[in-house]
Amino acid sequence: MRIDAIILRELHLPLVRPFETSFGVTRNRRVLLAEIRSEGLTGWGECTAGERPFFSPESTDTAWQMLVQELGPMLTAEPPQHGGECPRIFRQVRGNRMAKATLENAIWDLEAQREGVSLAQLIGGVRETIPCGVSLGIQPSIEQTMEVIELELAAGYQRIKLKCKPGWDVDLFEKVRNRWPDIMLSCDANSAYKLRDADHLVSFDAFDLLMIEQPLWHDDFYFHSMLQKRLATSICLDESIRNRRDALAAIEMESCKIINLKLGRVGGFSEAIAIHNATLERGIPVWCGGMLESGIGRAHNIALSSLENFSLPGDVSASARYWAEDIIEPEVLVSSAGEIAIPDTPGRGYEVRTELVERLTVRKETIRDFELVC
Ligand code: OSB
Ligand code: MG
């Protein structure tokens, strides 16, 4: 395909409520979007890097720099026919997976439009709906958390994930379990614990959690495998899994029994599909994580979740939980059964509200075909 232009934009989007994790609070998102124009079609990608490099080493600013200086010019110099060619085109750039995914996912969107199929169909999706859970940030009090859980369960969500950290864990789990003995409940520590907390983490077993997500270091497999031996509860890895080899190592070492798969964290659809296939073959369930995405990233997450091994409810939930007004049309809706219907129209399946995008844009840069000077 010919690439006519890559347009990068930074949008400022306030969250409808702050989102607090063990590493900090997010109130306003700085969303980086890539629009790729090709032969009359437009593909969109969203960068899932945070405002600060706290979840991963990337941030909105490092990704912007990488896209303008390296990845954008590489793509215009060697336009791919298929999204699956992007990892090869970007191979010389180490890491920077969220920046790479921004462009790769836009190419997959373009490819699906060109082929006249939905993104879910293009990647081999088999589901028509996806089961949804919610990720609840750390709240000011346990009472407030209970109120939020009540609302989310009433809305139909199938699984509640509680962000936790030392001092915000067992008391909360106990109260929640006493009130709702049978719900699907899990927790996510975002690396807030150390191996010396192992006895404390073993006490989580009393609450029948579906999983404990990323209890230890963001770059670790070995100590998670030591911890998993002591826990009845399944460990789920998020931050640690950067690619298929990491997934294989974690499975081999029994560092986890479940994997949270995120498109940006692994560099885009190609690697996400490779991890999906590897976990399917080995009987390790996956689910789709979220990174407080706008509608564009959300649309890609929905397509990814159509794959066979996405058997557990993910963190991909309704637009209205994050945004007063999403930048896609229609916005993402969740049924009273806690499901999102996967669109079957060509490409990402949600229109981009370009006027709204333009109004929210605070920074814009167009990358055209030009020689890379090395
Ligand atoms: O660890 O899954 C995580 C949000 C930002 C960074 C990391 C994580 C999260 C979430 C929110 O849990 C998921 C969502 O609702 O988008
Ligand atoms: Mg997580």
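Residues numbered from 1 in each chain as written. Chains lettered and ligands numbered in written order. Predicted model: local features only at pLDDT ≥ 70, side-chain atom pairs only at ≥ 80, totals over all residues. Heavy atoms only, no water.

Caption draft 1: View of the overall build of the protein chain. Scanning the protein chain from N- to C-terminus turns up 13 helices and 15 strands. Over its C-alpha trace the protein chain gives a radius of gyration of 20 Å, about what one expects of a compact globule, namely 21 Å for 374 residues. Judged by the C-alpha coordinates and their principal axes, the protein chain covers about 60 × 40 × 35 Å. When the 374 residues of the protein chain are sorted by exposure, 58% land in the buried category. In the protein chain, once contacts between residues fewer than 6 apart in sequence are set aside, the share between residues at least 24 apart is 72%. With the model as given, the accessible surface of the protein chain reaches about 15,400 Å², and the carbon-plus-sulfur share is 49%. Seen as two clouds, the 41 positive and the 55 negative side-chain charges of the protein chain have centres 4 Å apart. (Helix = DSSP H or I, 4+ residues; strand = E, 2+ residues; numbered from the N terminus. Rg over C-alpha atoms; globule rule 2.2 N^0.38 Å. Buried < 20%, exposed > 50% of the residue type's maximum accessible area, 1.4 Å probe, protein only. Contact = heavy atoms within 4.5 Å. Areas by Shrake-Rupley, 256 points an atom, 1.4 Å probe, with all protein chains shown as cover. Lys, Arg positive; Asp, Glu negative; His and termini not counted. Charge placed at Lys NZ, Arg CZ, Asp CG, Glu CD.)

Caption draft 2: Layout of the site of ligand 1. Taken together, 15 residues lie near ligand 1, and Ser135, Asn190, Lys262, Leu292 and Tyr322 sit nearest. One of the side-chain nitrogen or oxygen atoms of aspartate 188 is found 3.0 Å away from an oxygen atom of ligand 1. Within the backbone of leucine 292, one N or O atom sits 2.9 Å away from an oxygen atom of ligand 1. Relative to its unbound accessible area of 390 Å², ligand 1 is 97% covered by the protein chains. (Near = heavy atom within 4 Å. Polar contact = N/O pair within 3.5 Å; in protein donor to acceptor, adjacent residues only side chain to side chain.)

Caption draft 3: Region of interest: the packing of aromatic side chains. Tallied over the entire structure, the rule returns eight aromatic pairs. Between tryptophan 108 and phenylalanine 269 the ring centres are 5.8 Å apart and the planes differ by 50 degrees, which places this aromatic pair in the tilted class. Within this pair, whereas tryptophan 108 is found in helix α3 (residues 97–115), its partner phenylalanine 269 is found in helix α11 (residues 269–282), the two being separated by 161 residues in sequence. Of the residues examined, tryptophan 108 reaches a relative accessible area of 10% and is grouped as buried. Taken together through their ring pairs, the aromatic side chains of Phe173, Tyr193, Phe204 and Phe207 make up a single cluster. In this structure, arginine 159 is placed above the aromatic ring of tryptophan 287, and the distance from its NZ or CZ to the ring centre is 5.2 Å. Over the face of the ring belonging to tyrosine 322 we find arginine 321, whose NZ or CZ atom lies 5.6 Å from the ring centre. (Phe/Tyr/Trp six-rings, centres within 6.5 Å; stacked < 30°, edge-to-face > 60°. Lys NZ or Arg CZ within 6 Å of the ring centre and 35° of its normal.)

Caption draft 4: Broad picture of the side chain of threonine 233. Tracing the backbone through its elements, the reader meets threonine 233 in the loop between α8 (222–230) and β9 (235–237). Given a relative accessible area of 4%, threonine 233 falls into the buried group. Among the polar contacts listed, one links the side chain of threonine 233 to the side chain of aspartate 205, at a separation of 2.5 Å. Residues in contact with threonine 233, not counting those within four places in the same chain, are Phe204, Asp205, Leu209, Met211, Ile212 and Gln228.

Caption draft 5: Just the sheet that holds strand β11 (residues 286–288), in detail. Across the sheet, which stays open at both edges, the seven strands sit in the order β5-β6-β7-β8-β9-β10-β11 with parallel pairing between neighbours. Single-partner strands in this sheet number two, and they are β5 (133–136) and β11. Strand direction decides the pairing type here: β5 and strand β6 (residues 159–163), joined by four bridges, are parallel. By the bridge assignment for β6, serine 135 is matched with lysine 161. (Pairing = 2+ DSSP bridges.)

Caption draft 6: Looking closely at the coordination of the magnesium ion (ligand 2). Asp188 (OD), Glu213 (OE) and Asp238 (OD) make up the full set of protein donors to the magnesium ion (ligand 2), lying at 2.1 to 2.3 Å. Each donor residue of the magnesium ion (ligand 2) lies on one chain, and together they are spaced D-x24-E-x24-D. Note that aspartate 188 is positioned in strand β7 (residues 184–188) and glutamate 213 in strand β8 (residues 212–213), a separation of 25 residues in sequence. For the pair aspartate 188 and glutamate 213, one class covers both residues: buried. (Donors = N, O, S within 2.8 Å, 3.2 Å for Na, K, Ca; no water.)

Caption draft 7: Summary view of a nonpolar patch on the surface. Residues Tyr222, Phe223, Met226 and Met253 make up a contiguous nonpolar surface patch of about 340 Å² in total accessible area. With respect to the element layout, tyrosine 222 can be found in helix α8. Given the relative accessible area of 45%, tyrosine 222 is considered partly exposed. (Patch = residues over 30% accessible without salt bridge, like charges linked within 9 Å, V, L, I, M, F, W, Y side chains within 5 Å. Salt bridge = Lys/Arg side-chain N within 4 Å of Asp/Glu carboxyl O.)

Caption draft 8: Local environment of helix α12 (residues 295–304). The buried fraction of α12 amounts to ten of the ten residues, a majority that puts the element mostly inside the structure. Looking at α12, one finds that the buried residues are Gly295, Ile296, Gly297, Arg298, Ala299, His300, Asn301, Ile302, Ala303 and Leu304.

Caption draft 9: The arrangement of the pairing of strand β1 (residues 5–21) in detail. Here β1 runs beside strand β2 (residues 24–38); their pairing, made up of 13 bridges, is antiparallel. Counterpart to leucine 11 in the pairing with β2 is valine 31. Where β1 folds back on β2, the antiparallel hairpin that results is connected by two residues. Sheet topology note: the β1/strand β15 (residues 361–367) ladder contains six bridges and is antiparallel. Bridge pairing links glutamate 10 to arginine 363 in β15.

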